[in-house]
Amino acid sequence: MSKKDIIDLNKAQQIPKSGSGTDPDFDTGDGSMKAYERFRVVNKSERRVDATKLALGRGTFTDDESPPGTLTVKMLWSPHAHARITRIDTSEAESMPGVACVLHYGNVKAIPHTTAGQGFPEPSAYDMLCFDQKVRFVGDRVCAVAAETELQAARALEKIKVEYEVLEPVFDAEQALAPGAPILHEAPDPQGIADTSKNLAAHLAADIGDVEQGFAESDVVHEGEYEVCYQQQSPIEPHVALTYLDENDRLNVRVATQVPFHSRRILAQVLEIPVSRIRVIKPRIGGGFGSKQEILVEDVPALVTLRTGRPARWCYTRTEELVSARTRHPAIVRMRTGAKKDGTLVAMEMIAIGNSGAYGAHALTVFSCTGGKALPLYRCEHYKFDARVAYTNLPIGGAFRGYGGPQGFFPLEVHMDELAEKLAMDPMALRRKNMLRPRDENPLAVALGEGKEGYPQIIRSCGLEQCVEAGMKAIGWERRGSFDNSGPKKRGIGGVCLMHGSGIPGIDMAAALIKLNDDGSFNLLVGATDIGTGSDTILSQIAAEALSVSLDDIVIYSSDTDMTPFDTGAYASSTTYISGTSVKKAADSVVEQLIAAAAKIWEIPSDGLRAENKAVHAPDGRSLSYGDICRSTFYSHNQHQIMDHASHVSYECPPPFSAHFCEVEVDVQTGGVKIIKYVAAVDCGVAINPTACEGQTEGGASIAMGWALAEGFRFDERGKLINDDFSSYKIFSALDMPDFETIIVPTYEPSGPFGAKSVSEIPTDGPAPVIANAIYDATGLRFREIPITPEKVWRAWREQQ
């Protein structure tokens, strides 16, 4: 990333004065951005701490190693979208060579639980069983076999005889909510479901002011309906877990997970064994994107291990990942906005109908983010949000990078362009007139907390105006509408504004422990989960900055429920902001101990001593290296271990802000859409590692580009997924990526570690609406449904002509 990609610091938002934030050490006293110049490790593009081992193939993933005698688990999946198992005969399978264990609803205790990896008590319904007598989608669990080899397990599955009472399915969310629809979850078994009799997994409603009054007072009222599709996370590494008993007869679970501590808690519930008997270890992760915020594959191999005493592994195939893992929730969203003639927004209404699929993991919280992340971006007096999330006999929605935000920003930002056209305004001028600014209050923060009432939020850092300005300049916004589109290839430019969040206020908590070693290096132990995002590097940089050492002096160990302190996990854009603050607090405390130890060694007061460059310095010029201090405290003066731990939970949720722009070329003869250039200007506070921020932005945007143009599930009349492999389910690859420019807009968030806030999820919010807006600018074709495939473009162009 070149210097041109980081805007002029002098034009960026000023740092708050001392006392206004948690980081007065980096306030210069005059409120200027010159504090950035004092960073030594933070705000530098340091090389990833795991770069070498990953490049050399030394990073151990879950399925890289298995103990001798490991059994392989295979699953028999339901061929029906909705059915009740009336008979299951596994006798022939059990007698086959190599088969060690067979599991199904008849021999596994029915314990209701949620697979959602969320804090306790989970805001998701307890509507899952390990094995249920009723199956609710094509791809639901029926029976598991554990055998010596994968082939033996697969052959045993073929010998299992199952008889079903086939029930009427429902595949449409609106039909599922209608009176008389087939009921998926019968009362009173599941707890936490909004209304089993209506297939209503979750319901949210929030009203600020009176929207009907606002519409009556408006000069213009615009309405629109928008639809977003399924999307599968498609990590390189599918879901996989390995379980075994250690020498103390404790269950060890090595699993590709984003939430090791939630995994341990939910496993203990499902297996009915104490938490103390379970150790969950997260090795290297080959991508998660939210899909691994789910306790999805741990329970079955764990049951096998507990019953047989042998190690067991279960790894999804790619088809199983697409069909039976988790997805982005599809939704229909209806928008209504009232505005004055000058573009001042008066009232905004968002009504969403979500499709949770067969089970309701994350249904409530995903759609709380649909309204809570999108609607507050624009200021007005009256808001209304209502979301009903339905059960259907289709694949299951879950956590996916963006977590409800993309489902909100596609309708909102397409709608804003439509409203601007109705008002005869430039679309970005309309946004700039109404968007949030520093010191504004988030009006929906209390009403739409994730799973419960939230906390008041004041915007303390906001570089959205600078994002818009820098992005418009980079894309050449003035060229919009000036292309020669007389031929079949037509060009257009679109723009959108975005905001997201940093952790879940009052819920997400993280802890960190730091201890000093003889040579002045430090061990950093964190529960935070690096799933390929580089969080081990980010947290190490924060520790190194606070301790005034180099990155090489930090040895990080993460995500082992026996060895590391608690962390809620890698989700909700919380790692840098929440886990990073716990690291900084622990490091600050260790620095205080270093200074106190040096004062004792010198027998002088600690006033005036400072820690810098891996040593403690006295005003008279004396210095003691951290290594000298450590050896002294180990063996001579006031012998003790210099170490400390800290925890952090925040009641603030500072949003990152972003403006996305793109130029597209649409070939109306084929319907093909080519993204020529993409610009993402982002305010994530202080970028702890600018290159990592750039990578997060490009990666998140590429995921959503595929959602906008190519992805989505296709089903046959029985509810079976048709495009169930990568030959038919198309995701964006490096070859599909356009010329991409990331612009980091530096601000300073007072509540974040060294001024940082999140960056990882906000890039997924922008591509779908910005591409749709650019296609409209190029062709006059307004798409309110994604994916915008070549066939849809081709047909729409011919209908228009």
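Quick caveat: nothing in here was measured; it's all calculated off a predicted structure.

On to the overall build of the protein chain, then. In terms of helices and strands, the protein chain carries 18 helices and 28 strands. Summarising its shape, the C-alpha atoms of the protein chain cover approximately 85 × 75 × 45 Å along the three principal directions. Burial status across the protein chain gives 63% buried among its 801 residues. The contacts of the protein chain with a sequence gap of at least 6 include a subset with a gap of at least 24, amounting to 80%. A total of about 28700 Å² of accessible surface is found on the protein chain, and carbon and sulfur atoms cover 50% of it. Side chains of the protein chain give 81 positive and 106 negative charges; the mean places of these two sets differ by 2 Å.

Judged by nonpolar contacts, the single largest core of 112 residues is most densely connected at Met348, Tyr378, Leu464, Ile675, Tyr678 and Ile771. Two domains each put at least three residues into this core: domain 1 (21-59 + 462-498 + 654-801) and domain 3 (170-233 + 326-452). Among residues more than four places away in sequence, those in contact with Met348 are Val211, Met335, Arg336, Thr337, Leu375, Tyr378, Cys380, His382, Tyr383, Lys384 and Leu412. Within the second largest apolar cluster, 48 residues are counted, among which are Ile514, Phe522, Ile556 and Val591.

Taken as a whole and assessed by the stated rule, the structure comprises 15 aromatic pairs. Seen from their ring centres, Tyr455 and Tyr651 are 4.9 Å apart, and the 75° between their planes marks the pair as edge-to-face. With a gap of 196 residues between them, Tyr455 in the loop between helix H11 (427-434) and helix H12 (464-475) and Tyr651 in the loop between strand S25 (643-649) and strand S26 (657-667) connect regions that are remote in the sequence. Since its relative accessible area comes to 25%, Tyr455 is described here as partly exposed.

Let us now look at the side chain of Gln457. Relative to the elements of secondary structure, Gln457 occurs in the loop between H11 and H12. Within the structure, the side chain of Gln457 is placed 3.3 Å from the backbone oxygen of Tyr455, a separation counted as a polar contact. A polar atom in the side chain of Gln457 sits 2.7 Å from the backbone nitrogen of Cys653. Beyond its immediate chain neighbours, meaning those up to four positions away, Gln457 contacts Asp440, Glu441, Asn442, Ala445, Pro505, Tyr651, Glu652 and Cys653.

For H11, every residue scored as buried is listed here: Pro427, Met428, Leu430, Arg431 and Asn434. Buried residues of H11, seen end-on, are gathered within an arc of 155° and therefore sit on one face of the element. Considering only its buried residues, H11 is in contact with strand S16 (345-357), helix H10 (405-422), H12, strand S18 (489-499), S26 and helix H17 (767-779). If you check the start of H11, you find a side-chain oxygen 2.9 Å away from the backbone N of Met428, and it comes from Asp426.

This next bit is on the confidence of the model for the protein chain. In the predicted model, the protein chain carries a mean pLDDT of 94, and 95% of its residues have values of at least 70. Ignoring residues within four places in sequence, the model shows residues 1-32, a span with pLDDT below 50, making 77 contacts including any to other chains.

Attention now moves to the environment of Arg141. Note that Arg141 resides in strand S5 (residues 141-147). Apart from residues no more than four positions distant in its own chain, Arg141 is found in contact with Met75, Leu76, Trp77, Cys130, Phe131, Val135, Leu296, Asp299, Val300 and Trp314. Among the polar contacts made by the side chain of Arg141, one reaches the side chain of Asp299 at a distance of 2.8 Å.

The subject of this paragraph is the pairing of strand S11 (residues 251-255). In terms of residue burial, S11 counts as a mostly covered element, since five of its five residues are buried. Sheet topology note: the strand S10 (residues 240-245)/S11 ladder contains five bridges and is antiparallel. Within the sheet, the bridge partner assigned to Leu245 lies in S11 and is Leu251. A loop of five residues connects S10 with S11, the two strands running antiparallel in sequence, and Asp249 in this loop sits at a positive phi of about 65°. In terms of strand pairing, S11 meets strand S12 (residues 278-281) through four bridges, oriented parallel. Looking at S12, one finds that Asn252 is bridged to Arg279. Read from S11 through helix H6 (residues 260-271) to S12, the crossover connection turns out right-handed.

Here the protein chain is described as being made up of domain 1 (21-59 + 462-498 + 654-801), domain 2 (62-167 + 234-324) and domain 3 (170-233 + 326-452). Each of domain 1 and domain 2 was reduced to a C-alpha centroid, and the two centroids are 36 Å apart. Listed by partner, the interface residues are 17 residues for domain 1 and 11 residues for domain 2. When the two sides are added together, the surface that domain 1 and domain 2 hide from each other amounts to roughly 1000 Å², 63% of it contributed by carbon and sulfur. Broken down residue by residue, the surface that domain 1 buries against domain 2 is led by Arg718, Asp724 and Phe726, which jointly contribute 38%.

In this section: the sheet that holds S5. Taken in spatial order, the seven strands line up as S3-S5-S1-S13-S10-S11-S12 in an open sheet, and their pairing is mixed. Single-partner strands in this sheet number two, and they are strand S3 (99-104) and S12. The sheet shows a mean angle of 20° between the axes of neighbouring strands, direction not considered. Strands in contact with helix H3 (residues 150-158) are strand S1 (71-77), S3 and S5; relative to S1, the strand with the most contacts, it is inclined by about 30°. Packing of H6 onto the sheet brings it into contact with S11 and S12, and relative to S12 it is tilted by some 145°.

This paragraph deals with the sheet that holds strand S21 (residues 554-558). Taken together, four strands build an open sheet; the order of strands is S21-S20-S19-S25 and the sheet is mixed. Where the open sheet ends on each side, the last strands, each with one partner, are S21 and S25. The average undirected angle you get between the axes of adjacent strands in this sheet is 20°. Of the strand pairs in this sheet, strand S20 (residues 522-526) and S21 are connected by five bridges, and their pairing is parallel. Bridged to Asn523 within S21 is Val555.

What counts as what
Residues numbered from 1 in each chain as written. Predicted model: local features only at pLDDT ≥ 70, side-chain atom pairs only at ≥ 80, totals over all residues. Heavy atoms only, no water. Helix = DSSP H or I, 4+ residues; strand = E, 2+ residues; numbered from the N terminus. Buried < 20%, exposed > 50% of the residue type's maximum accessible area, 1.4 Å probe, protein only. Contact = heavy atoms within 4.5 Å. Areas by Shrake-Rupley, 256 points an atom, 1.4 Å probe, with all protein chains shown as cover. Lys, Arg positive; Asp, Glu negative; His and termini not counted. Charge placed at Lys NZ, Arg CZ, Asp CG, Glu CD. Core = buried A, V, L, I, M, F, W, Y, C linked by side-chain atoms within 4.5 Å. Domains from an automatic or database assignment. Phe/Tyr/Trp six-rings, centres within 6.5 Å; stacked < 30°, edge-to-face > 60°. Polar contact = N/O pair within 3.5 Å; in protein donor to acceptor, adjacent residues only side chain to side chain. Arc of directions from axis to C-beta. pLDDT = per-residue confidence, 0-100. Pairing = 2+ DSSP bridges. Right-handed = clockwise from strand over helix to strand, strands pointing away. Buried area = accessible area lost by both parts, 1.4 Å probe. Axes fitted to C-alpha atoms, helices over the stretch in contact; angles between N-to-C directions.

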